[in-house]
Structures are given as structure tokens and as C-alpha cells.
Amino acid sequence: MKGIPTVLITVSPEVSAQMRPPRALYPKGFKIGNSLGRPGMRDLQKKVLRDALELLNQNTRPGAAVTIEYPEYGEQYEPPHVKKLS
Amino acid sequence: MTISRKCVPFTPFERELSKSTIAIVTAGGVHLKDQEGFNIADELGDLTYREIPADVDSADLMVTHHHYDHRDADEDINVVFPIDVLRDLHAEGFIGGIAKKHIGYMGYTMQLKAMYEGTAREIANDIDKASRADAVVLTGG
């Protein structure tokens, strides 16, 4: 089996971390269903995709997401949290 | 080959993005309107996936997924499946090409082992053999 380099764009970083993605971008405050931004915001979508692709060439920590803020997204949302077993 | 459950399966990327072909794999339930939708009636989820060609018109794509609000994706599929955005980055020379094949599946399942050991592996093989992608962008909902 040959490996394929991947980069994940996640809006649920805690949930995604459970699967230990090799590289991941968390666009901070984006809601579920808006991985690249809001509809029609092409410049923002391009920025997010560019940032994600650039992680392929950066020394990221495998298994952890890189958080980037995009103020132009507007209203921020709290990502879902993983329920911890007591 | 057995994948360790403990380590991160990291594949290095040692290319220039401007010379690299990129594929999209989304768990956001994206598929062509004329493809069969995902089975949202089955509480166990749907382990199948759909192939999306490189020359797809984004207006011909839709979402079948009942575990996230996809109204924004219905309006602009690029919020979960950025095919037009990828085309823009290609036109600008930021990436070298768009893969021949992209993948949509419904990232909700109660059959994690079958997803992990079956579907995920099939998608990886498909991407490896048929899409000629140098790297993959993964998105969820």
C-alpha cells in the first residue's frame, strides 16, 4: 500500500482529533456545514483552501489541527466537544 | 499491511504545490444529482461512496446527509466540496492540476470498523489508481 498525503479541513477539531489526522486545518468558529466558509464567499473559500494545501509543506504536528482565524467569516460558532467518559 | 491504531499514518509531501494534482474526498454526502443518493433511512449509515469526475458542473452536485444542516451546501456546494475553488487555484497556478476523480461519501456510520477497514481503503485505492492525485483535501460536513 502506498501512502497518499492528505490534509483535512475540519470544523469539529476535537471530534476529528480522535481519528488522528496527519494534517488538519480548523478554520476557527466556522459552523458545521461551512468547512470552507459561507456560500458565495469565494475569496474566503480560496483563502481557506490555500491555507489547507500549504499545510502539506509545513512541519505540522501529525494528529493535531492548526487553528487559523478568518474574521471575514463573521458570526462565530462553538465546535462540538467530545464527551469524556467519567 | 496492517495500520497501527496508535500511530498517525503520516505520508510526507515533498512536492511543489504548483506542480501537484489535488483531489477532494468529502464525508459531506456529496454526489451527482443523477447518482443514487446515500441511504439515510438505514440507522447504521451507508458505507458506499460516489465518484465525482473532474469536469463536473458544480450545479449538478447535491448532498444527501441527515446529520448536518446542509442548506448552505445546497446553495453553494463549495462550502463542503470546493471543486470550483480548486479550479480557481489551478487557474492562478497555485496548484498544478485537478485530479481526474473525486469522492463523496456520507460520513455518518455506526459501522466504524467496516468504514475504516473497507470503505476508507477502497477510496484510498481508487484515489491512488484512478485519480492520479499527488495529495488529497479531506472535508467533512
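Residues numbered from 1 in each chain as written. Chains lettered and ligands numbered in written order. Predicted model: local features only at pLDDT ≥ 70, side-chain atom pairs only at ≥ 80, totals over all residues.

### Considerations on the overall build of chain B
So, step 1. Secondary structure summary: chain B contains 3 helices and 7 strands in total.
So, step 2. Shown N-terminal to C-terminal, the secondary structure of chain B runs as helices and strands in the order β-β-β-β-α-α-β-β-α-β.
So, step 3. Projecting the C-alpha coordinates of chain B onto the three principal axes gives extents of approximately 45 × 40 × 20 Å.
So, step 4. Taken across its 141 residues, chain B has 40% of its residues classed as buried.
So, step 5. Relative to all contacts within chain B whose residues are 6 or more apart in sequence, the contacts with residues 24 or more apart total 81%. (Helix = DSSP H or I, 4+ residues; strand = E, 2+ residues; numbered from the N terminus. Buried ≥ 20, exposed ≤ 12 C-beta atoms within 10 Å, placed from the backbone. Contact = placed C-beta atoms within 7 Å.)

### Concerning the confidence of the model for chain B
So, step 1. Averaged over all residues, the pLDDT of chain B is 92; the fraction at 70 or higher stands at 96%.
So, step 2. In the model output, the complex is listed with pTM 0.93 alongside ipTM 0.93. (pLDDT = per-residue confidence, 0-100.)

### What about the interface of chain A and chain B?
So, step 1. Taken residue by residue, the interface counts 34 residues in chain A and 37 residues in chain B.
So, step 2. Contributions of two or more residues to the side of chain A that touches chain B are made by strand S1 (6-9) and helix H2 (42-54) of chain A.
So, step 3. Tallying contributions element by element places H2(A) first for the side of chain A that touches chain B, with 7 residues.
So, step 4. Grouping the constituent residues of the side of chain A that touches chain B by class yields 16 nonpolar, 12 polar and 6 charged. (Nonpolar A, V, L, I, M, F, W, Y, C, P; charged D, E, K, R; others polar.)

### Some points on helix H2 (residues 83-91) of chain B
So, step 1. The set of residues buried in H2(B) consists of Ile83(B), Val85(B), Leu86(B) and Leu89(B). An end-on view of H2(B) places all buried positions within 155 degrees of arc, on one side of the element.
So, step 2. Buried residues in H2(B) make contact with H2 of chain A together with strand S1 (21-26), strand S5 (97-98) and strand S6 (101-105) of chain B.
So, step 3. Just downstream of H2(B) lies Gly93(B), where phi reads positive at about 85 degrees. (Arc of directions from axis to C-beta.)

### Considerations on helix H3 (residues 112-131) of chain B
All names here are of chain B.
So, step 1. At Ala120, H3 shows its maximal bend, which comes to roughly 25 degrees.
So, step 2. Those residues of H3 lying buried are Met115, Ile127 and Ser131.
So, step 3. Buried-residue contacts for H3 involve S1, S6 and strand S7 (135-139).
So, step 4. Within two residues after H3, Arg132 carries a phi angle of roughly 55 degrees, on the positive side. (Bend = angle between axes of the 7 residues up to and from the residue.)

### A look at the environment of Asn125(B)
So, step 1. Looking at where Asn125(B) falls in the secondary structure, it is placed in helix H3.
So, step 2. Separated by 110 residues in the primary sequence, Asn125(B) and Arg15(B) have C-alpha atoms spaced 21 Å apart.

### Some thoughts on the nonpolar core
So, step 1. Counting residues in hydrophobic clusters, the biggest one holds 49 residues, and the most contacted among them are Val7(A), Ala52(A), Ile22(B), Val136(B) and Val137(B).
So, step 2. Residue contributions to this core peak at 5 residues, all from H2(A).
So, step 3. When sequence neighbours within four positions are dropped, the list of residues in contact with Val136(B) reads Ile4(A), Thr6(A), Ala23(B), Val25(B) and Ile127(B). (Core = buried A, V, L, I, M, F, W, Y, C linked by C-beta atoms within 7 Å.)

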